[in-house]
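Residue strings, one per chain:
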Amino acid sequence: MRELTVDETVAAAFASASWIMEAIVQELELEGRSYSWLWPDDRDERGAEKLRRQARNVRQERVARLRHTEGTDRRAAVIYLAQPGLDEYYEELELALSGSDGWTATGVTALLSVVGSRELQYWDVTWVCQVVNLVLEIDIAERQSLRESVTRLIEAMAHVPLPADDRRRLHRRITLALPGDPTTLPLSALVRADAWASSVRDHLGDAPAPHLVKLVEHLCEVHTPRPTQTWRARCLTLLEPAGAREFVRFALAAFIREVSDDGNRRMVSEANTDVARGTIWAATLARVDDLAATLTWLAVHLGGDRARFTQDLVVAGAAINALGEGDDPQPLWRLQTSIKHRALRKQVDTALATAAGHAGITPAQLLERGVPAHGLATDGTRSWRLLLPSVRRPHRRPRAAVRAAQGARLADALAARLPRRAGSRGQEGTGGGRLAGPLPLRDRRGGRPRGDPGRHRSGPLRPA
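Residues numbered from 1 in each chain as written. Predicted model: local features only at pLDDT ≥ 70, side-chain atom pairs only at ≥ 80, totals over all residues. Heavy atoms only, no water.

### Comments concerning the overall build of the chain
And step 1. Looking only at helices and strands, the chain features 20 helices and 0 strands.
And step 2. The buried share of the chain, taken over its 464 residues, is 39%.
And step 3. In the chain, 71% of the contacts between residues at least 6 apart in sequence involve partners at least 24 apart.
And step 4. Element-wise, carbon and sulfur atoms account for 52% of the exposed surface of the chain, whose accessible area totals about 27500 Å². (Helix = DSSP H or I, 4+ residues; strand = E, 2+ residues; numbered from the N terminus. Buried < 20%, exposed > 50% of the residue type's maximum accessible area, 1.4 Å probe, protein only. Contact = heavy atoms within 4.5 Å. Areas by Shrake-Rupley, 256 points an atom, 1.4 Å probe, with all protein chains shown as cover.)

Given below as structure tokens:
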């Protein structure tokens, strides 16, 4: 007998399990007629309750029929319930999957093709894990034909908000179902659900070097804000081969280079948060270029203070803690004022304590180092260094003739302003105003004339 193709399997399942849709339509019709606002008065409430009871009976009969269905009909019911538009009936899908058996590679591929058109939600994780268990039942030689279908399933679940433990459990099941060779990246590593992961996967190529595959697998094992010392030691070993540090440098720069224009999407999907966190710490251990600037950018833009980016506390927290391992605590001081999220502010305090421990001082002393000194010493004083010219020009007094001429001109100017007195000595009959001799120069320091201090101490100025 010829084996059915994937499309033929889907068509046959829809035809065999069409009774499910008939029961669903009947249930919805009864529920619609039971709405109270359709009834004219309260006297017909008993009729509405009767219709709701009939709708519940229809659903119970459908569930009971699913329990007793076996073999091909059970598998057909699973494929039918997995199609888009029946999201509310995920409990029936879980029930149908729990008792199904006899799956082939073609049947699982048909099921996954139907699931690929469905928008998955967080409540679908239970039956998705059941689908992965079906892959484990397939012969290991035939599982590789399911790799593409399972990859699409992982990508569809990448943006579903799942608890971290549930997602890791799902990824472990997928890795167990589809083990890869040393030259193949795990399906759960760098899922093509965001621009960053797609860029890094494209950089690695279809057949990356085995030591890069081991490095990526190791990056996926960071599940806490700060990795253990064992993880760090292993990471330093994996960074030694050629090309490893260049790969980490490329992956870190891709966070900024591959920024999505869609503000409603996460920069890093939830499926890639662990490998993103591992990339940040590997770049910190490798001391790549522009490390502090990139980590600060991630902390600020993913910390929830920028409207363009969706908040990602996991990646932002990893960046903040990694800054505590750097040589310059200046970015952490700036983050104390720019980060508003309470949990991230605690991460900043932890990072500052770590940086202070590396410097052998207390966090308070480290904080004091961040205060601008403005030229002041540790005791609050400031000193200036005066730069004087090495060669000084000597100060020369003017010559005697110059001093006498200046004194004469000054005496003439003063005599012209003084009142004339008749019969003055040296000016008989003329009343001339010319003074005899030069006027003594005044001292620049105190304003007292030079020479005999008693002669010019008081009294009017008299001609000589």
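From this point, things continue past the structure.
### Quick notes on the environment of R143
And step 1. The residue R143 is located in the loop between α7 (125-137) and α8 (147-157) in this model.
And step 2. Looking at R143, the relative accessible area reads 12%, which means it is buried.
And step 3. For the pair R143 and P179, spaced 36 residues apart in sequence, the C-alpha separation works out to 9.4 Å.
And step 4. Excluding residues within four positions of it along the chain, R143 makes contact with V135, L136, I138, L176, A177 and L178.

### Some words on the packing of α7 against helix α9 (residues 164-177)
And step 1. For the pair α7 and α9, the least separation of the axes is 9 Å and the interaxial angle reads 15°. Considering the angle they form, α7 stands roughly parallel to α9. Between α7 and α9 lies a crossing of left-handed hand. For the pair α7 and α9, the contacting residues are V128, C129, V132, N133, V135 and L136 in the first and L170, R173, I174, L176 and A177 in the second.
And step 2. Here the contact of α7 with α9 is built from residues that sort into 9 nonpolar, 1 polar and 1 charged. (Axes fitted to C-alpha atoms, helices over the stretch in contact; angles between N-to-C directions. Parallel < 35°, antiparallel > 145°, perpendicular 65-115°, else oblique. Left-handed = near helix turned anticlockwise from the far one by under 90°. Nonpolar A, V, L, I, M, F, W, Y, C, P; charged D, E, K, R; others polar.)

### A few points about helix α12 (residues 229-238)
And step 1. Where α12 is concerned, the buried positions are W231, R232, C235 and L238. Burial along α12 is one-sided: seen end-on, the buried residues are contained in an arc of 120°. Pointing more than 90 degrees away from the buried face of α12 are the exposed residues Q229 and T230.
And step 2. Buried positions along α12 lie against α11 (210-219), α13 (244-257) and α14 (273-286). (Arc of directions from axis to C-beta.)

### Things to note about the nonpolar core
And step 1. In this structure, L190, W196, F247, I280 and L335 are the most contacted members of the largest nonpolar core, which totals 57 residues.
And step 2. Excluding residues within four positions of it along the chain, I280 makes contact with F255, L295, L298, V315, A318, A319 and A322.
And step 3. Listed in part, the 54 residues of the second largest apolar core include I20, V63, Y89 and A110. (Core = buried A, V, L, I, M, F, W, Y, C linked by side-chain atoms within 4.5 Å.)

### Concerning the packing of aromatic side chains
And step 1. Under the criterion given, the structure shown has 4 aromatic pairs.
And step 2. When the ring of F14 is compared with that of Y80, the centres are 5.4 Å apart and the planes differ by 75°; the resulting orientation is edge-to-face. Of this pair, F14 sits in helix α1 (residues 6-16) while Y80 sits in helix α4 (residues 71-81); the two residues are 66 residues apart in sequence, bridging distant segments of the chain.
And step 3. Residue class for Y80 comes out buried when judged on its relative accessible area of 8%.
And step 4. Ring geometry for W196 versus F255: centroids 4.7 Å apart, planes at 5°, classification stacked. Of the two residues, W196 is situated in helix α10 (residues 195-204) and F255 in helix α13; the sequence distance between them amounts to 59 residues.
And step 5. Site record: aromatic cluster; members linked through ring pairs are Y90, Y122 and W123.
And step 6. Above the plane of the ring of W19 lies R65, whose end atom (NZ or CZ) is 3.9 Å from the centre.
And step 7. Cation over ring: R257 sits above F250, and NZ or CZ is 4.4 Å from the ring centre. (Phe/Tyr/Trp six-rings, centres within 6.5 Å; stacked < 30°, edge-to-face > 60°. Lys NZ or Arg CZ within 6 Å of the ring centre and 35° of its normal.)

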